[in-house]
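Listed below, chain by chain, are the residues.
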Amino acid sequence: MIRVSADPFDPGAELSVFETRAGAAGAVVSFLGKVRESAADKTVSGLYLEHYPGVTERSIAEIEEQARKRWAIDDALIIHRVGELRPGEPIVMVCVAAAHRREAFEAADFLMDYLKTEAMFWKKEIREDGEAWIEPRDADYKDAARWKEKGRKG
Amino acid sequence: MIRVSADPFDPGAELSVFETRAGAAGAVVSFLGKVRESAADKTVSGLYLEHYPGVTERSIAEIEEQARKRWAIDDALIIHRVGELRPGEPIVMVCVAAAHRREAFEAADFLMDYLKTEAMFWKKEIREDGEAWIEPRDADYKDAARWKEKGRKG
Amino acid sequence: MARILFFGKLADAAGARTRNVALGSETQTIGDLVTALGRDDAALGQALSEKSVRYIVNELVAERNAAIGDEDEIAFLPPVSGG
Amino acid sequence: MARILFFGKLADAAGARTRNVALGSETQTIGDLVTALGRDDAALGQALSEKSVRYIVNELVAERNAAIGDEDEIAFLPPVSGG
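Residues numbered from 1 in each chain as written. Chains lettered and ligands numbered in written order. Predicted model: local features only at pLDDT ≥ 70, side-chain atom pairs only at ≥ 80, totals over all residues. Heavy atoms only, no water.

Enquirer: It is not clear to me how the interface of chain B and chain A should be interpreted in this structure. Could you clarify?
Expert: How big an interface is tends to be reported as the loss of accessible area on association of its parts. Each partner contributes to the interface: chain B provides 40 residues, whereas chain A provides 40 residues. When the area that chain B buries against chain A is broken down by residue, the three leading residues are B:Lys34, B:Arg101 and B:Phe105, summing to 23%. Viewed at the interface, chain A and chain B are joined by 12 salt bridges. Among the salt bridges present, the one from B:Arg102 reaches A:Asp109, with a minimum N-O distance of 2.3 Å. In this structure, the connection of chain B to chain A is made through 23 residue pairs in polar contact (both at pLDDT 80 or more). If you list the elements that add at least two residues to the side of chain B that touches chain A, you get α1 (11-21), β2 (27-34), α3 (101-117) and α4 (138-149) of chain B. Partitioning the side of chain B that touches chain A into residue classes produces 16 nonpolar, nine polar and 15 charged. (Contact = heavy atoms within 4.5 Å. Buried area = accessible area lost by both parts, 1.4 Å probe. Salt bridge = Lys/Arg side-chain N within 4 Å of Asp/Glu carboxyl O. Polar contact = N/O pair within 3.5 Å; in protein donor to acceptor, adjacent residues only side chain to side chain. Helix = DSSP H or I, 4+ residues; strand = E, 2+ residues; numbered from the N terminus. Nonpolar A, V, L, I, M, F, W, Y, C, P; charged D, E, K, R; others polar.)

Set out below in C-alpha cells:
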C-alpha cells in the first residue's frame, strides 16, 4: 500500500495495523524517517515537501513491484508526507513483511534507497540561515547503486 | 533497553514509545519476529522458549555495547519473549535509532543475527508431528559471519 | 495552451509552479521549449538546461527531443530529495 | 552440593532442568563432571559430550577443563535458538 499525504501519521499505529494484517509472516522490518533538528550545523525549523500528484505514487508502485519480484515478500507499506513538517515529525515510513528476516531487511533497505534518490519528492529545508532545496548526498547515490551490483541474496 | 519476559508485548505500542523517546534522531529501524504457522511443511501449534535468567540479559547487553561501539546509534531496544507462544504472536523485537539510516539498518540487522545465533535462548516447536528443539539454520550462521568479515561501512 | 509544471528549485526559478504557454510553431520539442523560455528569462533557461533536470510529458518520462504540442502537460524536475 | 543446570534438549536428556550433585574428590573439572554423570546415564553423558555443548560456571563462560567445586553453579547449554 502506498500513501502520499499532507496529513501526519502515527508510526506505532501504522506498524500495529501492518503487522496484524501480516498475520504469521515471520519477519516484519520497518523504517521510520523523521525531520532532523539540524543540518550542516544549522538549526532546522521545518521542511517543505512537494511531489507530482499521481505520477509520484505510480512511480513508487513500480518500485514496490520491483521489490516484490526481487525478494519473496508478503506485504509492503510505504507512507510519505508532503507539505510543511516540523522537526521530530515522521516524514517517511516503509514496512515490509516476509517469511524470513533477510528478505524483509533487504527489501526495506532497497525501498528506502529508492525513495531517497529516485522518487519524485522535492524537499526544502527552512534553516536559521535561510531556505535551501535539498539534493541526495553522495552516500545516498552510493547506497542506491548497491542494488545494481548484486542480485538477490540467499 | 533489554527486556526478556514471559508477558506478551504490543509491537506498535513499543515502536511508539521508542520513536517518541528518540526525538529527532533521523532514522528508526525496527525488526519484529513472529511465531510462524508452519515449519518444514508441518503445522506449528506453538513454541516453548527458555532462557538463562540474568546470564541471557547480560550477554545481550554486551552485544548491544558492541553495536554501539561499531555504529553511531542513539538508542536501542531489544525485547524477547520466553515461555509458551502461539502462532502469530510477537517473539522478538529490535529497534534502533540513529542519525542516518545506514547505521540504523546495519545495527538492527547485526543485533538480530546475534539473537539468532548467540543469545542464550532455547526454542522448542510444538508441531503436528511432535516436539522438536530448534537450532539455527545454516543461513543464520552465514548471516552472523558477515559481521566478522567487514568493518563499519560509511 | 500547453501546461508547464515546475518543481522544487525550478519553481523558484520560474517564479511559479505552473504556467500555461501557447507553443509557437518553432516549439516542437522540450529542447525548443527550454530555448523559448530562456529567451524571456535567461536565468530560467539556464536552470532548465542543467543536465540533472528531467522531463515528464503527460505523466511519462521523456527525453529532451520529445515532441510536444498545445494539449500536453510538460513537467520539469530538478534532482529529487525524498525520504 | 554443586547446582547443575540443563537447558533445552539437555534438560530432556537429564530428565530435569536442575540437579544438586555432591562432587566427589575425583570430580575436579567440568570434564570430570560429564564423566561422572555419564556413568549413571550413558545417554546423558553422550549428550553432554557433544562438541556443540557450551558451559557456564557461576554465570561466566567456561572451558571443559575449568575447575569446579561444591559451591558452584554449572550450566550445560546446547546450541541456542532465539529470535
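Enquirer: What's the story with the packing of helix α2 (residues 30-40) of chain D against helix α3 (residues 42-49) of chain D in this structure? I'm lost.
Expert: Helix-helix packing is characterised by the crossing angle of the two axes and by the distance between the axes. Residue and element names in this part refer to chain D. Interaxial distance between α2 and α3 falls to 5 Å at its minimum, and their mutual angle equals 150°. Comparing their axes, α3 and α2 come out roughly antiparallel. Where α2 abuts α3, its residues Val34, Leu37, Gly38 and Asp40 lie against Ala42, Leu44, Gly45, Leu48 and Ser49. Its residues placed into classes, the contact of α2 with α3 shows five nonpolar, three polar and one charged. (Axes fitted to C-alpha atoms, helices over the stretch in contact; angles between N-to-C directions. Parallel < 35°, antiparallel > 145°, perpendicular 65-115°, else oblique.)

Enquirer: What's the story with the packing of helix α2 (residues 55-70) of chain B against α3(B) in this structure? I'm lost.
Expert: All names here are of chain B. Contact geometry of α2 with α3 gives a least axis separation of 10 Å together with a crossing angle of 155°. Overall, the two elements α2 and α3 adopt an arrangement that is roughly antiparallel. Helix-helix and strand crossings are classified by hand; for α2 and α3 the assignment is right-handed. Contacts from Ser59, Ile60, Ile63, Glu64, Gln66, Ala67 and Arg70 in α2 reach Phe110, Leu111, Tyr114 and Leu115 in α3. Counted by class, the contact of α2 with α3 contains seven nonpolar, two polar and two charged residues. (Left-handed = near helix turned anticlockwise from the far one by under 90°.)

Enquirer: Explain the interface of chain B and chain D here, please?
Expert: Each side of the interface is counted separately: chain B has 25 residues, and chain D has 18 residues. Between chain B and chain D, roughly 1800 Å² of surface is buried when both sides are summed, and carbon and sulfur atoms account for 52% of that area. Looking only at chain B, the three residues that lose the most surface to chain D are B:Tyr52, B:Trp122 and B:Trp133, adding up to 35% of its buried area. Linking chain B with chain D are four salt bridges. B:Glu118 serves as the salt-bridge partner of D:Arg54, at 3.9 Å between the closest nitrogen and oxygen.

Enquirer: Could you clarify how one ought to interpret empty space enclosed by the protein in this entry?
Expert: To find the voids left in a structure, one rolls a probe of water-molecule size over its atoms. Using the criterion set out here, one finds two cavities of 30 Å³ or more in the structure. By volume, the largest cavity is sized at about 50 Å³. Lining the largest cavity are A:Trp122, A:Lys123, A:Trp133, A:Ile134, A:Glu135, C:Gly8, C:Lys9, C:Pro78, C:Pro79 and C:Ser81. Reported here for the second largest cavity is a volume of approximately 40 Å³. Lining of the second largest cavity is provided by B:Trp122, B:Trp133, B:Ile134, B:Glu135, D:Gly8, D:Lys9, D:Pro78, D:Pro79 and D:Ser81. In terms of residue class, the lining of the second largest cavity is made up of five nonpolar, two polar and two charged. (1 Å grid on protein atoms, 1.4 Å probe; cavity = no way out; pocket = protein on both sides within 12 Å on 5 of 7 lines; lining within 4 Å. Points joined across faces, edges and corners; volume = space filled by probe spheres on them.)

Enquirer: Explain the packing of aromatic side chains to me, please; I cannot follow it from the model alone.
Expert: Two numbers describe a pair of aromatic rings. These are the distance of the centres and the angle of the planes. Under the defined criterion, the tally for this structure stands at 16 aromatic pairs over all chains. Their ring planes at 40° and their centres at 4.9 Å tell us that B:Tyr52 and D:Phe7 sit as a pair that is tilted. Of this pair, B:Tyr52 sits in the loop between β4 (42-51) and α2 while D:Phe7 sits in the loop between β1 (2-6) and α1 (9-14), placing the two residues on different chains. Looking at D:Phe7, the relative accessible area reads 4%, which means it is buried. Between D:Phe6 and D:Phe76 the ring centres are 5.8 Å apart and the planes differ by 10°, which places this aromatic pair in the stacked class. Separated by 70 residues along the polypeptide, D:Phe6 in strand β1 and D:Phe76 in strand β5 (residues 73-77) bring together distant segments of the chain. Residue D:Phe6 shares its accessibility class with D:Phe76, and that shared class is buried. Pairwise contacts between aromatic rings join A:Tyr52, A:Trp122 and C:Phe7 into one cluster. (Phe/Tyr/Trp six-rings, centres within 6.5 Å; stacked < 30°, edge-to-face > 60°. Buried < 20%, exposed > 50% of the residue type's maximum accessible area, 1.4 Å probe, protein only.)

Enquirer: Can you help me understand the relation of the copies chain B and chain A in this one?
Expert: Each copy superposes on the other: chain B lies on chain A with an RMSD of 0.0 Å after a rotation of 180° and an axial shift of 0.0 Å. With respect to symmetry, the two chain copies, as superposed, fit the operation of a two-fold axis. Considering only C-alpha atoms, the part of chain B nearest the rotation axis is B:Gly12, at 2.1 Å. Interface residue correspondence from chain B to chain A reaches 100%, placing this contact among same-surface, isologous pairings. (Least-squares fit on C-alpha atoms with pLDDT ≥ 70 in both.)

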